[in-house]
Amino acid sequence: MDSKSNVSKNALAEGFDIIGDVHGKADKLFALLKGLGYTKQGGVYQHPTRKAIFVGDLIDNGHQTLAVLETVKAMVDSGNALITMGNHELNAVGWATMHSVTGKYLREHSATNQAHHQAFLDDLPTLEDRRPWLEWFKTLPLYLDLGDFRVIHACWHEPSFAVIKPYLNPDNSLRANAWETIFEEGTAPFNAVENLLKGVEESMPEGVSFVDHKGKERWEVRISWWLREAETLADIAHIPVPGQNQPAIDALGKVTADNNLLKRLAYQGDCPVFFGHYWLAGTPAILTPKTACVDYSAGRNGPLVAYRWSGESTLTSTNFVTAGAG
Ligand SMILES: [Mn+2]
C-alpha cells in the first residue's frame, strides 16, 4: 500500500457517500464508486477524503454476489466504508440457522422465501462458501447514529429501538443469543426488527381491508414514516392501487393524525436520516429536507444511487449521484 492511501485512511473523512441497496449487482457498484471518485488501491476501493456507507441489502436478486461482498467487506475492514444490516442479510442468517430447541430453520424454507434468496444460494453453492459471509452479516449494526446524520435500512423508529436495545451489542449488532427471539413471529422484538429493516406498518381501522397489486387482501398498511405532518392517517398511509381501494382510503381519512399517532409512526427528529429498501423509481429526490431514500431499484433495472453528504443539515436533491441503470 502506498503512502498516499495510508494518509487517506487516517484522515478525517470530509464527507460520506451513502450507497443504496446493491442486491448483487457488482457492475453497478463499480460504476458508482468510479463516478464518486473512489479508486482501487491495494485491492480496496477508497477515496482520499470521503467514506462510503452501505444501507444494507448487498445480496439477492443480482448474480455477482461474491464480487459485491468482497468489495464491500474490504472497504469496511479497511475503514473506508461503514454498513448497516438489510433485511436480506438478516434473512440470510435466519435461513441458515437452526433453532436450538425445535431444530427448525429460523426462517422457513418455503418456496417464496427460497425464491427471494435464490441468487445468493446459486452464487455461493455450498455452506462452506456461505459461512464466512453469514458470520460477517451477524456482526452488522442495525443502525448508525453518527451525530450529524443517521443511517438505517428501512425506518428510523424510536419505539422499536427501545424494544430492541436489550438484544443489541454496544455496536448495535444483534447479540448472539438474540437471533432465535427476533425470528419468533408476533413477539415484540420480532416486530421491532420488522419495523427497522422493513418499515413500519399500521393496522387498518376495524373491519377495513384493501387489496394489493396481486389482489391479496391486507389488514395492515405501509406508512410513509418520513412524512411528519399529516391531518389524517390517509396522508401518511400508502394504499396501493388506489382506484380499487377507495373505501379503505375513506376509512383512513377518518382517523385523525394527532401528535400521539405521529409520534408512534412518523420520524420526529431534526437529524437527517438516510435509508434504502423502498425500490423507488424515477429521478432521485429527497423525500423531505431531513430524509432521503437511496434505493432506486438497482436490484432490478434501476440505477445504483448514492447521496453525497458533506455536512448539511438540510438535504438537497442535487446531491444524488447515480450509475449503471439497466
Ligand atoms: Mn430491503
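Summary of the structure given here. Treat the numbers as computed from the prediction; the structure is a model and nothing was measured.

### Notes on the packing of aromatic side chains
Point 1. Under the defined criterion, the tally for this structure stands at 21 aromatic pairs.
Point 2. The interplanar angle of 40° and the centroid separation of 4.9 Å between the aromatic rings of Phe274 and Tyr307 together place this pair among those described as tilted. Of the two residues, Phe274 is situated in strand β13 (residues 273-275) and Tyr307 in strand β15 (residues 304-309); the sequence distance between them amounts to 33 residues. Judged on exposure class, the residue Phe274 and its partner Tyr307 are both buried.
Point 3. Taken together, Phe16, Phe149, Phe274, Tyr296, Tyr307, Trp309 and Phe320 form an aromatic cluster joined through their ring pairs.
Point 4. Across the ring face of Trp279, the terminal group of Arg300 is positioned such that the distance to the ring centre comes to 3.9 Å.

### With respect to the state of the cysteines
Point 1. All told, the structure shown has 0 disulfides when counted by the stated rule.
Point 2. Distance from the sulfur of Cys155, which forms no disulfide, to the nearest cysteine sulfur (Cys293) is 12 Å.
Point 3. Note on Cys293: relative accessible area 1%, which makes it buried.

### Digging into the sheet that holds strand β11 (residues 220-223)
Point 1. Taken together, 3 strands build an open sheet; the order of strands is β8-β11-β12 and the sheet is antiparallel. Of all the strands in the sheet, the pair left with one neighbour each is β8 (201-203) and β12 (237-238).
Point 2. Relative to β11, β8 is paired through 3 bridges, and the arrangement is antiparallel. If you follow Glu201 over to β11, its bridge partner there is Arg222.

### Structural notes on the coordination of the manganese ion
Point 1. Those protein atoms acting as donors to the manganese ion are Asp57 (OD), Asn87 (OD1), His153 (NE2) and His277 (ND1), and they sit at 2.2 to 2.3 Å.
Point 2. All donors of the manganese ion belong to a single chain; written as a sequence motif, their spacing is D-x29-N-x65-H-x123-H. One end of the pair, Asp57, is in the loop between β4 (50-54) and α3 (65-77); the other, His277, is in the loop between β13 and β14 (291-293), and 220 residues separate them in sequence. The pair Asp57 / His277 is uniform in exposure class, with both members buried.

Rules of the game
Residues numbered from 1 in each chain as written. Predicted model: local features only at pLDDT ≥ 70, side-chain atom pairs only at ≥ 80, totals over all residues. Heavy atoms only, no water. Phe/Tyr/Trp six-rings, centres within 6.5 Å; stacked < 30°, edge-to-face > 60°. Helix = DSSP H or I, 4+ residues; strand = E, 2+ residues; numbered from the N terminus. Buried < 20%, exposed > 50% of the residue type's maximum accessible area, 1.4 Å probe, protein only. Lys NZ or Arg CZ within 6 Å of the ring centre and 35° of its normal. Disulfide = S-S within 2.5 Å. Pairing = 2+ DSSP bridges. Donors = N, O, S within 2.8 Å, 3.2 Å for Na, K, Ca; no water.

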